[in-house]
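# Observations on the model geometry
Chain by chain, the residues run as shown.
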Amino acid sequence: MEGKGKGRSYLLKYEGLEELFWRLKENYRLIAPKLKGGVILYSEVESLGELPFGYRNVEMPGFYRLDRAEGFFTYTHPVNSLKAFLHPSELTLMKVKISDGGLEFEVCYPEGNFCFFDVRACDLFALEVLDRVFVHKNSHPDSYYRKLREGAFVVAVNCTYATSNCFCTTTGTGPEAREGYDLLITELREGFLLEAGSERGGVLLESLENKREAREEHLLQKRERLREAEALMERHFEIEGLPDRLYGRMDSQHWKHIEKRCLACTSCTQSCPTCFCFDILEKNNLELRESERVRVWDSCFSPAFATVHRYNIRQSVHSRYRQWLMHKFAYWVDQFDLSGCVGCGRCITWCPVGIDIRQEVKTVIREG
Amino acid sequence: MLVCGSPYNLKEGLVVRLIRECENVYTFHIATEESAQPGQYNMLYAFGMGEAPITIASKGEGYIVHTVRAVGDVTRHIDQLKEGDRLYWRGPYGNIWELEKAFGRTLLLISGGLGLAATRWVFEEALRSPVRRLLHLYGSKDYENLLYPYLYEDWSSKAEFHIILGRSHPHWKGRVGLITELIEELELEEDTVVFTCGPDPMVKACVKLLERKGIHPENIYASLERHMKCSVGTCGHCMIGPYFVCKDGPIFRYDLIREYFEREEV
Amino acid sequence: MRVGVFKFSSCDGCQLAFFDLEEELLLLSEMVSIDYFLEATSYNRWGNFDLSFVEGSVSTPEEEERIKSIRESSKFLVAIGACAVSGGIQSARNYEDFSMVYSSVYKGHYWVNPRSRPISDFVNVDLEVRGCPINKGALKEVFVAVMHQRSPQLPTYPLCLECKRKGNVCVVVAYQKPCLGPVTVAGCGALCPSFERGCYGCYGPVGKPALEALQEGYERLGLGKENLKELLRLSFNGYNKELREWL
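Everything numeric in this text was worked out from a predicted model, so none of it was measured. For every chain, the first residue of its written sequence is number 1, and the numbers climb from 1 along that sequence. For this description, chains carry letters from A and ligands carry numbers from 1, given in the order in which they are written. Selection of residues for local features in this predicted model requires a pLDDT of at least 70, selection of side-chain atom pairs for listing and counting requires 80 or more, and totals for whole chains, interfaces and linings are taken over all residues. Where side-chain values are given, they derive from all heavy atoms of the structure, hydrogens and water being excluded.

## So, the interface of chain A and chain B
When checking whether two residues touch, look at their non-hydrogen atoms; a contact exists if any pair is within 4.5 Å. Listed by partner, the interface residues are 57 residues for chain A and 42 residues for chain B. The term buried area denotes the loss of accessible surface (1.4 Å probe radius) that occurs when two parts are joined, taken as the sum for both partners. Between chain A and chain B, roughly 4,100 Å² of surface is buried when both sides are summed, and carbon and sulfur atoms account for 57% of that area. Salt bridges are defined by distance alone: a side-chain nitrogen of Lys or Arg within 4 Å of a carboxyl oxygen of Asp or Glu. One can count 3 salt bridges joining chain A with chain B. A:D251 is the salt-bridge partner of B:R263, the closest N and O atoms lying 2.7 Å from each other. Definition of a polar contact: a pair of N or O atoms within 3.5 Å, with one able to donate and the other able to accept a hydrogen when the atoms are protein atoms, and with sequence-neighbouring residues admitted only if both atoms are side-chain atoms. Linking chain A to chain B there are 25 residue pairs in polar contact (both at pLDDT 80 or more). Secondary-structure elements contributing two or more residues to the side of chain A that touches chain B are β6 (90-99), β7 (102-107), α3 (121-136), α4 (143-149), β13 (278-284), β14 (290-297), β15 (307-308) and α11 (317-336) of chain A. A run of DSSP states H or I qualifies as a helix once it reaches four residues; a run of E qualifies as a strand once it reaches two. Both are numbered from the N-terminal end.

## Observations concerning the packing of helix α5 (residues 200-212) of chain B against helix α7 (residues 254-261) of chain B
In a packed pair of helices, the relevant descriptors are the angle between the two axes and the axis-to-axis distance. Residue and element names in this part refer to chain B. Remark: α5 packs on α7, axes separated minimally by 13 Å, with the N-to-C direction vectors making an angle of 125 degrees. Classified by the angle between their axes, α5 and α7 sit oblique to one another. Note that α5 runs across α7; the crossing there is left-handed. Residues D200, V203, K204, V207 and E211 of α5 form the contact with α7, whose own contacting residues are Y254, R258 and F261. Taken together, the residues that form the contact of α5 with α7 break down as 4 nonpolar, no polar and 4 charged. Think of each axis as a best-fit line through the C-alpha atoms, taken over the contacting stretch in the case of a helix, with angles from 0 to 180 degrees between the N-to-C directions. Orientation is classified from the angle alone, with under 35 degrees giving roughly parallel, over 145 giving roughly antiparallel, 65 to 115 giving roughly perpendicular, and any other angle giving oblique. For any pair of crossing helices, the crossing counts as left-handed if the nearer helix is rotated counterclockwise from the farther one by less than a right angle, and right-handed if it is rotated clockwise. Basically, the charged four are Asp, Glu, Lys and Arg, the nonpolar ten are Ala, Val, Leu, Ile, Met, Phe, Trp, Tyr, Cys and Pro, and anything else, Gly included, counts as polar.

## Some points on α7(B)
Given 3.6 residues per helical turn, the α-helix brings residues three or four places apart onto the same face. Those residues of α7(B) lying buried are B:Y254, B:I257, B:Y260 and B:F261. Viewed along the axis of α7(B), the buried residues span an arc of 125 degrees, placing them on a single side of the element. The inward-facing, buried residues of α7(B) contact α8 (242-247) of chain A together with α5, β12 (220-223), β13 (239-240), β14 (243-244) and β15 (251-253) of chain B. For the exposure calls, accessible area comes from a 1.4 Å probe over protein chains only, and a residue counts as buried if that area is under 20% of its type's maximum, exposed if over 50%, partly exposed in between. Of all possible arcs, the one meant is that of the directions from the helix axis to the C-beta atoms.

## A few points about the sheet that holds strand β5 (residues 127-129) of chain C
All names here are of chain C. Two strands form a pair only when DSSP identifies at least two bridges running between them. Strand order in the open sheet formed by 5 strands is β2-β1-β3-β4-β5, with parallel pairing between adjacent strands. Of all the strands in the sheet, the pair left with one neighbour each is β2 (33-37) and β5. Between one strand and the next, the sheet's axes are offset by a mean angle of 25 degrees, whatever the strand orientation. Relative to strand β4 (residues 74-80), strand β3 (residues 49-55) is paired through 6 bridges, and the arrangement is parallel. Bridging from a neighbouring strand, L51 pairs with F76 of β4. Strands β1 (2-7), β3 and β4 of the sheet are contacted by helix α3 (residues 61-72), whose axis makes an angle of about 135 degrees with β4. Along the sheet, helix α6 (residues 136-147) contacts β1, β3, β4 and β5; its crossing angle with β3, the most-contacted strand, is approximately 160 degrees.

## As for the packing of aromatic side chains
By convention, a stacked pair of Phe, Tyr or Trp rings (six-membered ring in the case of Trp) has centres within 6.5 Å and planes under 30 degrees apart, an edge-to-face pair has planes over 60 apart, and any other such pair is tilted. Applying the stated criterion across every chain, the model contains 59 aromatic pairs over all chains. Ring centres of A:Y144 and B:Y8 lie 6.2 Å apart, and the angle between their planes is 35 degrees; this geometry places the pair in the tilted category. Taken together, the residues span two chains, with A:Y144 in helix α4 and B:Y8 in the segment before β1 (11-22). The pair A:Y144 / B:Y8 is uniform in exposure class, with both members buried.

## Observations concerning the domain arrangement of chain C
Residue and element names in this part refer to chain C. Taken domain by domain, chain C holds domain 1 (2-147) and domain 2 (159-244). Distance between the C-alpha centres of domain 1 and domain 2: 25 Å. Contacts between the two partners involve 21 residues from domain 1, matched on the other side by 16 residues from domain 2. At the boundary of domain 1 with domain 2, total buried surface from both sides reaches about 1,500 Å², with 49% on carbon and sulfur atoms. When the buried surface of domain 1 facing domain 2 is broken down by residue, S86, Y95 and R130 rank first, second and third, together holding 40% of it. Taken together, domain 1 and domain 2 are joined by 2 salt bridges. Across the pair D121 and K241 runs a salt bridge whose closest N-O atoms are separated by 3.8 Å. Where domain 1 meets domain 2, there are 10 residue pairs in polar contact (both at pLDDT 80 or more). Segmentation of the chain into domains, including their bounds, is taken from an automatic or database domain assignment.

Laid out in structure tokens, this is it:
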């Protein structure tokens, strides 16, 4: 491995980063953060210059704004997440046609071949979560997800900044990217530190022309830069043992207090990089000769989500909020051996009325 | 052509026999060599309508049995199938009744309404197994909705099979009342194993009574019904507490599910 | 199958959704018999409708009678659009002094009711198709559903879900613009938020809309209770049963 380059680190200037970008562009569809309508969104990009270098997202509960800042990777994660690419919000699973008195099925697979460029630690962890949900912890692995995910090249970036909604130090998912990437970038004063996390990442890194060997001091600088991000986040609650504490609070009075503020609008679940729930619709043409089976994002806040015999088991908004929070922090651990929350804070930012899940968790476990 | 690998791929089988059970309820024998076990279910597909999870009511030489009540779009269309028509489905899914646990002990089956479809097969298997004593209680809301009347004579001759109706009928000579009345009268050993399937309130009432009669919830198993779309633990609709009813169930040991099943809106 | 399309107090915009079906309209006309549709044809046959679409609100005594006779002649009655479903923009007057409104519009004497009401205030409605105007996708869905005996798959969830599926950025959070999305039913394809504008609520309220929570939450956007009420009253759906009491 050492010889192939995994584990070795290099220092790149902007030209080196561009070289890397073009090399990846030769083989992949590049998905990276991009400035769009005053926010940063993961989008397909054509050049490195499209990345929102020098912009800084300012986030508070129910609030988002962009400022300017000195440097390149000055922002955190984009508004949307990689879920949008690996578990598309609307995906045709198969087309069904009537033929010879029977049915003919055509399974439709989407095209992937992604390189996710500039993935932060929280979203990297979200990839691991989705991998487990759809494939590794699923006895019927989802071939659609797998088709999009397999072979995806991941370039991670260490965060050197955090918004006031970030809480990855609480969930233990960041700000340092630890696993699940091919290459890792940390922006230092004199350039970009690149580390390989996989063999193919190492091979690519070795083959770059514009690079020089990184020294011990660069790795120290990396630690310092990560600490800059860490210092911006407080620890909100102890994640260790949280499921058990929450299981004891199923009847907390606080759920009803949340109902007074919650719109049940589904925004939190849709913004979440790990919320995977979906519905399957049947789309027909007028003559009903053809039908498409379409998978669309759904939400436990939807009014018909848990409907049995035309009656939704979760009538009240507080029961839906409880389902969401309990699933994310407690049920998820039982189901997939890890927490469903990656500490990105998207649900806090994108809640139109600014409900802060960190506060709700704290209150539920404190007040009971 | 079916491309390998999609968890939503469907299988095809012929309806080889069709039995009208009652108003809006039909039983289908579908030709297949697929293996399945009592307690499992299939996702039946109706073209242009979608899928519905339906328990496998029984299995014979080269066919499986499904009993379908027309309550929604999918089931209404499936119920229009005729003998010789093709039916599409995927499965089997879900866990199975733990029949071995009842070997050498008393096995009590309790079913309400269409829940009989979920206990029928395991009852048939239990008849051939070393269960010491076999009881089967079945509650139906009325005479018109009795399921599988053509099997009762055989069942009654081989095991203690009792029916209770929600309301009386001129042709009905048997009991009228609630299924709990039948349980009340039973002498049961403490290690009796119970399998039940029926509407949620029925299951809750039966368990309460059984516990009073000294039966431990570890020995009670309930087959639950929840909204299912994918049946493979990914769509999230059927969750109850940390469980996916589609793959961790549909059968749950009662002491493990009680916390979530008995609490409102979980 | 005999189909009727009827107009009450409205702008005719929802009826245009039938023409929006374009080539599918031709196919549809072979599959069903459109027997009554004043906007489309001079040859109309009244009575025994299997499927009726009603556009517009009930605003006059004559309309009160007419909607009842349409109901009696129809097996399946569909209210199309905000006017038929909620009373329409003209129901804004329901919250005003009627004599003032009346005298500012009419000089002479006209038979106009003090209130513009949804047709469900008078007759039983089998299905509501939301929107101002409705979109052709929903209309097609109704035809498919009725012709092939299945329930129509029309959204009951809030616009936010559709907006997020579309990949839009929330206009409330990113641009601090008031948006009725969280209390409005989906179906329009999140048209306004896709152009960085707040939702007007033309598809009408979701079931049990969280109005108090919305009002409290939007106060920081400078949207007081009266402003929110104003927005909802002018949403074309202000007189919807889910909103009336709160407004």
